[in-house]
Amino acid sequence: MSRAPTCVLSSDAPPHAIHGHSPDRYVEIGSLTKVLTGTALMRMAEAGLVGTSDPLERWLKTAPGTGVTLRHLVDHTSGLPRLPPGLSRRDPYRSFDDDTLRGLLDRLDQIVVAPAGETQEYSNLGYAILGAALSAAAKLPFEALIREHVLAPLGIHEVTAHPPAEHQLHATGFLGRRRAAWTMDGAILPAGGMWATPRAAAGLLTGLLVDRKLGAPAPTWQTTGEIAWHNGATRSASVFAGALPGGRWVLVHRLGGSHGDTDRMGVQLLARQGGN
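This structure is a prediction, so every number in the text was calculated from the model and none was measured. (Residues numbered from 1 in each chain as written. Predicted model: local features only at pLDDT ≥ 70, side-chain atom pairs only at ≥ 80, totals over all residues. Heavy atoms only, no water.)

Draft legend 1. Layout of the environment of Arg 235. If you trace the backbone, Arg 235 turns up in the loop between strand 7 (227–233) and strand 8 (237–243). It is 15 Å that separates the C-alpha atoms of Arg 235 and Asn 124, two residues lying 111 residues apart in sequence. Contacts of Arg 235, omitting those with residues within four sequence positions, involve Arg 179, Ala 180 and Trp 182. Reaching out from Arg 235, the side chain makes a polar contact with the backbone oxygen of Ala 180 at a distance of 2.9 Å. (Helix = DSSP H or I, 4+ residues; strand = E, 2+ residues; numbered from the N terminus. Contact = heavy atoms within 4.5 Å. Polar contact = N/O pair within 3.5 Å; in protein donor to acceptor, adjacent residues only side chain to side chain.)

Draft legend 2. Summary view of the packing of helix 1 (residues 33–46) against helix 5 (residues 124–138). Two elements in contact, helix 1 and helix 5, have axes separated by 10 Å at closest approach and are oriented at 40°. The angle between helix 1 and helix 5 places the two elements in the oblique class. Judged by the sense of rotation from one axis to the other, the crossing of helix 1 with helix 5 is left-handed. Note on element contacts: helix 5 touches helix 1 through Asn 124, Tyr 127, Leu 130, Gly 131, Leu 134, Ala 137 and Ala 138, opposite Lys 34, Thr 37, Gly 38, Ala 40, Leu 41 and Met 44. (Axes fitted to C-alpha atoms, helices over the stretch in contact; angles between N-to-C directions. Parallel < 35°, antiparallel > 145°, perpendicular 65-115°, else oblique. Left-handed = near helix turned anticlockwise from the far one by under 90°.)

Draft legend 3. Representation of the pairing of strand 8 in the model. The buried fraction of strand 8 is high, at seven of seven residues. On strand 8, burial covers both faces: Ala 237, Val 239, Ala 241 and Ala 243 on one face and Ser 238, Phe 240 and Gly 242 on the other are all buried. Of the strand pairs in this sheet, strand 7 and strand 8 are connected by six bridges, and their pairing is antiparallel. What sits directly across from Trp 229, in strand 8, is Gly 242. (Buried < 20%, exposed > 50% of the residue type's maximum accessible area, 1.4 Å probe, protein only. Pairing = 2+ DSSP bridges.)

Draft legend 4. Broad picture of the sheet that holds strand 5 (residues 195–196). Reading across from one edge, 3-5-4 is the order of the three strands in this open sheet, with antiparallel pairing throughout. The open sheet has two edge strands with one neighbour each: strand 3 (27–28) and strand 4 (159–160). Looking at chain direction, strand 4 and strand 5 are connected through two bridges and run antiparallel. What sits directly across from Thr 160, in strand 5, is Trp 195.

Draft legend 5. How the structure looks around the side chain of Asp 261. Looking at the element boundaries, Asp 261 is found in helix 9 (residues 259–274). Classification of Asp 261 as buried rests on a relative accessible area of 18%. A distance of 2.7 Å separates the side chain of Asp 261 from the side chain of Arg 264, its partner in a polar contact.

Draft legend 6. How the structure looks around the pairing of strand 9 (residues 249–255). Among the seven residues in strand 9, seven count as buried, and that is most of the element. By the alternation rule, side chains of strand 9 split into Trp 249, Leu 251, His 253 and Leu 255 and Val 250, Val 252 and Arg 254, which are all buried. Relative to strand 9, strand 1 (residues 6–10) runs antiparallel, the two being bridged by five bridges. When the bridges of strand 9 are listed, Leu 9 appears paired with Leu 251. Inspection of the sheet shows strand 8 paired to strand 9 by seven bridges, in the antiparallel sense. By the bridge assignment for strand 9, Phe 240 is matched with Val 252.

Draft legend 7. Structural detail: helix 1. Its 14 residues place the ends of helix 1 20 Å apart at the C-alpha level, agreeing with the 20 Å of an ideal helix rising 1.5 Å per residue. Taking burial as the measure, the 14 residues of helix 1 include ten buried ones, the bulk of the element. (Expected span 1.5 Å × (residues − 1).)

Structural data, given as C-alpha cells:
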C-alpha cells in the first residue's frame, strides 16, 4: 500500500486516520453518492411521490419508446452506457450540465446500448438521469431532496455538494501541491458528486445498511458473498463502505493511491472482523 492519507472507521475500533487524513474533514465520496440517490427513490416511492415502475417520460421530457423505468435506473438495468458520451479527459464532467443532460434525454433512444431490463451495466449516466427525475418529481434541487428524504431522517448533516473550502481535504501531488478535484456539482451530482466527512459517511453506512433506520436498504447496495457494500472513486479520492450480516461494518476513505487498494483494504478488514 502507498502512504496515501487514510481514514478507517469500523464497528470494532475508534476512528483511525494517518498521513494527514481526518474523520471530521470533508472529502469526496464519489459513487457512494448513489446510495443517497437510490435511498431517496425508495423513500419517495414509499411516500407515494413516485413509483419505482414509473416510466422515465412521466417525469422528464425524453425520447419515447426506450422502456426505461426508475427501477431500471436504480438497478443499473436501464441499458444506458456507463458514462455520458463526449466527456473530456482533464475534467470530464465539467461540461456535463443540465442543458447537456436535456439534450441527451431528447435522443435517449439512440444512446441506450441494450433493451431496458435485459442486462446489468453499471451506469453513472443512469444515476444522473435518476437524480434529475427525482428532482422533477419532488420539485426540489437534488441536494434539497436528499436532505429531506435521507439526511434529515438519519440526523446526518455533514454531507453536501459544496463544503466550506477551509474544511476540505484533498490529495496532494508533485511537491505537495493540492490536486484539483473534478467538477461534479452539475448534472452528474446524483451519480458521484457529493462530499462528506468520513464520520458522516460511516453514519450513512450504519444508518442505512446496518441499523436500517429508513427501512430495507435501497437496491443500490452491492452484494458479494456475505458482504453488502458500495464504493466510490474520483480523480484523487476513494471510499469503500461495507457490512456483514451480523452488524460488523467498516468504512475506508483514502486520498490518492489506487481505488482498488481501498476496496481491498475494506474487504480485508471486514474479513478480519468476521473471523473474530
